[in-house]
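Descriptive structure summary
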Amino acid sequence: MASYAGAAPCNGPIDEGTTMVKPGTAAALEARYQNSFGRAAGYLPRNRRAVDAWLTQFVARARQRTAGHVPVVQELAELLERDKPLRDLVNLMIEQAQQLDPEHQHKHVRNIEEMLNCLDEITVTAPEYRLDPNERVFFPLSALFCYMMATDAGWEAFRNEPFNDALRKILTVWCGFLDSPESRYVLNEGPDGWLCQAASEQNKLYEFVIPDPGALYGGFASFNAFFHRHIKPEFRPNGAKEDPKAVVSPNDGSVVRYVSDVQLDADIFDVKGQPYSLRRMLNGYADTERFTGGDVFQSFLSGADYHRWHAPVDGVVKHVELVPGLMFSELKMEKVDESAGTLSQGYQANVNTRGLVVIESTTPGIGQVCVIPVGITEISSVRFSVSVGDEVTRGDELGYFSYGGSSMCLVFEPGKVGFTVPGNTIEHADDGAPVFVNGRIATAK
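Residues numbered from 1 in each chain as written. Predicted model: local features only at pLDDT ≥ 70, side-chain atom pairs only at ≥ 80, totals over all residues. Heavy atoms only, no water.

**Section: the layout of surface pockets**
- Roughly 450 Å³ of internal volume is contained in the largest pocket.
- Together, 17 residues line the largest pocket, and Trp54, Gln57, Glu128, Arg130 and Val137 are the ones closest to its centre.
- With 6 residues, the single largest contributor to the lining of the largest pocket is helix α3 (residues 48-63).
- Considering only residue class, the lining of the largest pocket consists of 11 nonpolar, 2 polar and 4 charged. (1 Å grid on protein atoms, 1.4 Å probe; cavity = no way out; pocket = protein on both sides within 12 Å on 5 of 7 lines; lining within 4 Å. Points joined across faces, edges and corners; volume = space filled by probe spheres on them. Helix = DSSP H or I, 4+ residues; strand = E, 2+ residues; numbered from the N terminus. Nonpolar A, V, L, I, M, F, W, Y, C, P; charged D, E, K, R; others polar.)

**Remarks on helix α5 (residues 84-100)**
- If you check α5, its first and last C-alpha atoms are 24 Å apart, about what 17 residues at 1.5 Å a residue would give, namely 24 Å.
- Buried within α5 are the following residues: Leu86, Leu89, Val90, Met93, Ile94, Gln96, Ala97, Gln98 and Leu100.
- Where α5 is buried, its residues contact α1 (26-34), α4 (71-82), α6 (112-122), α8 (152-157) and α9 (161-178).
- Put simply, Asp83 is the residue that caps the front of α5, since its side-chain oxygen is 3.1 Å from the backbone nitrogen of Leu86. (Expected span 1.5 Å × (residues − 1). Buried < 20%, exposed > 50% of the residue type's maximum accessible area, 1.4 Å probe, protein only. Contact = heavy atoms within 4.5 Å. Polar contact = N/O pair within 3.5 Å; in protein donor to acceptor, adjacent residues only side chain to side chain.)

**Notes on the pairing of strand β10 (residues 397-401)**
- Counting buried residues along β10, 4 of its 5 residues qualify, which places the element largely inside the surrounding structure.
- Sheet analysis places strand β4 (residues 308-310) next to β10, joined by 3 bridges and oriented antiparallel. For Trp309, the partnering residue across the bridge sits in β10 and is Gly399.
- Judged from the 3 bridges that link them, strand β8 (residues 382-384) and β10 form a sheet pairing that is antiparallel. By the bridge assignment, Val382 is partnered in β10 with Phe401. (Pairing = 2+ DSSP bridges.)

**Here we look at the sheet that holds β10**
- The strand order across the open sheet built from 3 strands is β4-β10-β8, with neighbouring strands paired in antiparallel fashion. In this open sheet, the two edge strands, each paired with only one partner strand, are β4 and β8. On average, adjacent strands in this sheet sit at an angle of 25° to one another, irrespective of strand direction. (Axes fitted to C-alpha atoms, helices over the stretch in contact; angles between N-to-C directions.)

Below is the structure:
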């Protein structure tokens, strides 16, 4: 069965014989949920039983569907019909998910048809705000797949190339809906609206440009327009602009880790080592070898963070590429990830859908810098605002994430920069220092 690396063929397969832990007890299942990416980013509720309650209602709604599948979901249905090994794997994934939580298995998806119906519903549903943090299911696919991803069959299924590609098409259609005016119904001042007082405070909307505060939907053209809204310049001043050697953060977030002496090829499954393979990350970029032995800086964006990303250095854009990859695959480990899903982020930087923006710095001594925005789970949408040949100044916009989970990597040539933000440990990767667009993170040596 096909296994998907989401990178150039030279990267090789990602199945290398390592087995992942299966949550065998209620405590292990709970720990896995609490330390998942969606939970850490604030897209899933603190209380796992709130996901169960959401699943109960959502699956019941899906069971009542009488219309045919939307075209992309129908494509997945046809794939599963003609690919018996994959169909058997997905059936096993659903069965194992029910076994993980036998007391509540009736609340979960019971078969492939119900899963497909749920995917139909998601493509025309915008995430609603909730006043109660225990009811905030902002990632419907992550909730739908919550238990499936925790199974042996699920770990295999979500690395299967045809299955992953079919899910990507569904996510693309959902992203199109969130780009449309029809998605604006959740942009209101009611208790479940993203413009209510509680949501405004949680997301610090006072820092952002609201197109027309007095108008319907705040003047936003779509839910995605709200999600990747622009920040007011005074809230992200370029305090390092007077120092030509300053390297600034391309995004808001928190430090996951930074490591040195990163090699072309590495074991991305070794959580105790360096989880970065330059050949995988850069997808065979022509000048990849220039970065051999260099530094990788990774940060993590939460749901309330600003989701546009900017140039960390002055220079000229040499390369722009979108790399389709995995979306719901997690790091293979011998124990539950206890670092709020951030251990998996190093692995995901190698295999997930991601962008590559290489800048040839005009600051002497820095050389090339590769900016790698990484999509995680839904919707894994990376959009560029620059093209090859563009001249950029620190702080200029490079692109943005549409709705969904995200992480960011910077790759530097060896010996070019010294980091100025506090480091972090892999064991406590969710406790990293905050970073903000235009804030200094490193200095050219």
